[in-house]
Amino acid sequence: MENKEYSLDFNGEPLSVKFLNWVERANSSVIIKHGDTVVLCTAVMGSKDTDMPYFPLTVEYREKYYAAGFIGGGRFRKREGRPSDEATLRARLVDRALRPLFDNLMRREIQIVNTVLSYDENHTPEVLALLASSAALVQSDIPWNGPLGVVRIGKINDNWIINPTSEEQEESAFNVLFAGTKEKINMIEVDAKEASEEGILAAMEYGQEIVKKQIDFQHKIREEIGKDKQDVALLELDEDIKKEIQEYGTEKIKKAIYQKDAKEGGNEIHAVEDEIIDWLKEKYEETNPEHIKRGKLYLDGLIDNLVHEAVLKDNRRVDGRKLDEIRSLSGDTSVLPRTHGSGLFMRGLTHALSIATLDSPGEEELSDAMDGESKKRFMHHYNFPPYSVGETGWFRGPGRREIGHGALAEKALEPLIPPKEEFPYTIRVVSEILTSNGSSSMASVCGSSLALMDAGVPMKKHVAGIAMGLMTGDGEAKILTDIQGPEDHYGDMDFKVAGTRDGVTAIQMDVKIEGATLEMLKKGLEQAKKARLQILDVLEGAIPEHRKEVSSYAPIIEMLKINPEKIGLLIGAGGRTIREIMEETSTDINVEDDGSVFVSGTRKEDVEKAVDLAFNLTREIKIGEEFDARVIKIADFGAFVELVPGQEALVHVSELSDDFVKDVGSVVKTGERLHVKVIKIDDNGKIGASVKQASKKESKGKDTE
């Protein structure tokens, strides 16, 4: 294929899409550029079908240090390792938008790889990666039902901001990133500062016009250079076997769905599913095992259809609840004795235990990523052990799901975390999912809100989260509140909304169908708000406001502000002075460039002593101040006194007494304390003091230290 370049106006700047011969062995590759941010996307499909029981799509997103112009890495290893959490989240974001537009009956391996080659800080690469992935698939011979468009919308001072920079995102009232087709939205990520549902919907409505232009742009690419799509076989079952399964299983499945005493967890449906699979094995295991494998897939689709039918025709859910009904709720705090804060939140069979830990500012998380080093003082981590779903399994490091759910809860809680100046602690919350039956990420938001309040973090209000579902068919669409396991598995949408009584703080949505309309999302947000307020009642009942004191097991932290020009004085040569203070007081001291000094320790008296030492060492002495100063040196022309540790003054012989002083040593001795008044400070910072001008002139005698 000859090199080809296309250009699209994107927020007043050209966005270029180049199809070059750089990666000739991939099914398609594209270079996308906006500003000086450049992303390479490749799409590759295997040549043979696999035996995997699912559609084998993998999406990778890789950030390189060189893209931002620095070497990075550790002291002894100068290359990228495993993807950062942020890169993992961006890979998931692309995956969640692309996957619904593939036929999940395909069994060819497909891999989409996005590599950030250049990064300019003002043009975020995840939007480009998703758009590049769509363009590559559109141009390729890989079967796919795209294209899709993507945009991030912010709002500053009532003005819409298209694809806001990182700085603009911090200032914006909300950031709404979504992808979709011309008519529907299939992936949403929102972080907000208690935004209204109406404002978020307005942002998506505004952004859809941009999405439509991107889709028209990609249609032009397909018309000009698009390859013919390969004819890839789908994993289908013989019609006769389908009919057998329908005849044997349909009524059994319906009975499980419609029985009056249906239990949460969909146990009845799982039992019927096992029964039908056992019947298939008995019938075909020896003669045609392929029927069993394909039969399982068809059975899953049959159950899916019948669960949809139950909701759409009869408003019947698998556990008998109304469409807008939440499962039973409860919340508790201080459930663990030695942790700094703990919260247990239970919604039906989904139980989350969250633990909050407070530590000194020096325990902030440092990250070394493509966009440079950064610090994080609030962290939320999420663990999903196999026992939570009644299974055995390996315990490894966090996977994409755990990283994603932890980040979503962190995003939901972040707007309510007080600033460092108000609450200087580094904060880590860990959510342990004890039992899971749908929407454990939103349960962790609720449990973590309880834990933070219990830890004494001065949050002004609680944050709660709820997961909404969607069932569509025959022109109908119905929203489900608080989806549980089977509704998540068989439903068409997972729509998670978190926030306070005053607004939304986070949204995440993905679908299994082409997408959801704005009208569906509007209804989902309305039901989610109603449910959120109900959950907030429970959280506020468990702990109405944050505890006034932090745990006795948490460190004590005090903050003082010094002149940034005095930081060197506090640190000392090679860090000697600050180390001496820390050793003397058994404390930890962290100094920031703006002159903020954080002192932490386990004993209040130690912290106060360290604060006094740091303050006195760096305080700006002013004319007119008086001190009980210690004489540290005697000279013919006067006495040098230490006003505060690290700062001294000269008391000239003429200022030692109202009487004439012939011999300084006859009036004062080294180690003696004098009450002095500061009378001058010259341009070099040298201080002059006086005994005779002080408000009290008597000596305090020998220093007892």
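So, a few notes on the structure that sits alongside this text. Source: prediction; values computed, not measured.

## Things to note about the pattern of salt bridges
Taken as a whole, this structure holds 50 salt bridges when the rule is applied. With a closest N to O distance of 3.4 Å, Arg400 and Glu60 form a salt bridge. Of the two residues, Arg400 sits in helix α8 (residues 400–413) while Glu60 sits in strand β5 (residues 57–63), which places them 340 residues apart along the sequence. For Arg400, a relative accessible area of 31% gives the class partly exposed. A salt bridge links Glu608 to Lys604, with the nearest nitrogen and oxygen atoms 3.6 Å apart. Here Glu608 pairs with Lys604, and both are found in helix α14 (residues 604–618), just four residues apart, close to one helical turn. The exposure class of Glu608 is partly exposed, given its relative accessible area of 35%. What makes Lys604 partly exposed here is its relative accessible area of 45%.

## Remarks on the nonpolar core
If you look at the biggest cluster of nonpolar residues, it comprises 126 residues, and the most contacted ones within it are Leu98, Leu130, Ile427, Leu452 and Leu521. Non-local contacts of Ile427, meaning those with residues more than four positions away in its chain, are made with Thr357, Leu358, Arg377, Phe378, Met379, Ile417, Leu452 and Val457. If you look at the next biggest cluster of nonpolar residues, it comprises 30 residues, including Val272, Leu306, Ala467 and Met471.

## Description of the packing of aromatic side chains
Summed over the entire model, instances satisfying the criterion amount to eleven aromatic pairs. Seen from their ring centres, Trp160 and Phe174 are 6.3 Å apart, and the 50° between their planes marks the pair as tilted. Of this pair, Trp160 sits in strand β8 (residues 159–162) while Phe174 sits in strand β9 (residues 174–180), placing them 14 residues apart in sequence. Considering the side-chain rings of Phe423 and Tyr425, the 4.8 Å spacing of their centres and the 40° angle between planes classify their relative orientation as tilted.

## A word on the sheet that holds strand β16 (residues 378–383)
In space, the five strands of this open sheet follow the order β11-β12-β13-β17-β16, with mixed pairing throughout. Bordering the open sheet on either side are β11 (329–333) and β16, each of which pairs with just one other strand. With strand direction ignored, the average angle separating the axes of adjacent strands in the sheet is 15°. Of the strands in this sheet, β11, β12 (341–347), β13 (350–359), β16 and β17 (426–435) touch helix α9 (residues 440–454), which is tilted by about 145° from β12.

## So, the side chain of His340
As for its position among the elements, His340 is in the loop between β11 and β12. Within the local environment of His340, its side chain forms a polar contact with the backbone nitrogen of Leu358, the two atoms lying 2.9 Å apart. Within the local environment of His340, its side chain forms a polar contact with the backbone oxygen of Tyr553, the two atoms lying 3.1 Å apart. Dropping the residues within four chain positions of it, His340 is found in contact with Ala356, Thr357, Leu358, Asp454, Ala455, Ser551, Tyr553, Ala554 and Pro555.

## Concerning the packing of helix α2 (residues 125–139) against helix α4 (residues 197–225)
Interhelical geometry of α2 versus α4 gives an angle of 30° and a closest axis separation of 9 Å. As far as their axial angle goes, α4 and α2 are roughly parallel. The two elements α2 and α4 meet at a crossing, and its hand is right-handed. On α4, the residues that touch Leu131, Ser134, Ala135, Val138 and Gln139 of α2 are Gln214, Gln218, Ile221, Arg222 and Ile225. When its residues are assigned to classes, the contact of α2 with α4 shows five nonpolar, four polar and one charged.

Procedures and definitions
- Residues numbered from 1 in each chain as written.
- Predicted model: local features only at pLDDT ≥ 70, side-chain atom pairs only at ≥ 80, totals over all residues.
- Heavy atoms only, no water.
- Salt bridge = Lys/Arg side-chain N within 4 Å of Asp/Glu carboxyl O.
- Helix = DSSP H or I, 4+ residues; strand = E, 2+ residues; numbered from the N terminus.
- Buried < 20%, exposed > 50% of the residue type's maximum accessible area, 1.4 Å probe, protein only.
- Core = buried A, V, L, I, M, F, W, Y, C linked by side-chain atoms within 4.5 Å.
- Contact = heavy atoms within 4.5 Å.
- Phe/Tyr/Trp six-rings, centres within 6.5 Å; stacked < 30°, edge-to-face > 60°.
- Pairing = 2+ DSSP bridges.
- Axes fitted to C-alpha atoms, helices over the stretch in contact; angles between N-to-C directions.
- Polar contact = N/O pair within 3.5 Å; in protein donor to acceptor, adjacent residues only side chain to side chain.
- Parallel < 35°, antiparallel > 145°, perpendicular 65-115°, else oblique.
- Left-handed = near helix turned anticlockwise from the far one by under 90°.
- Nonpolar A, V, L, I, M, F, W, Y, C, P; charged D, E, K, R; others polar.

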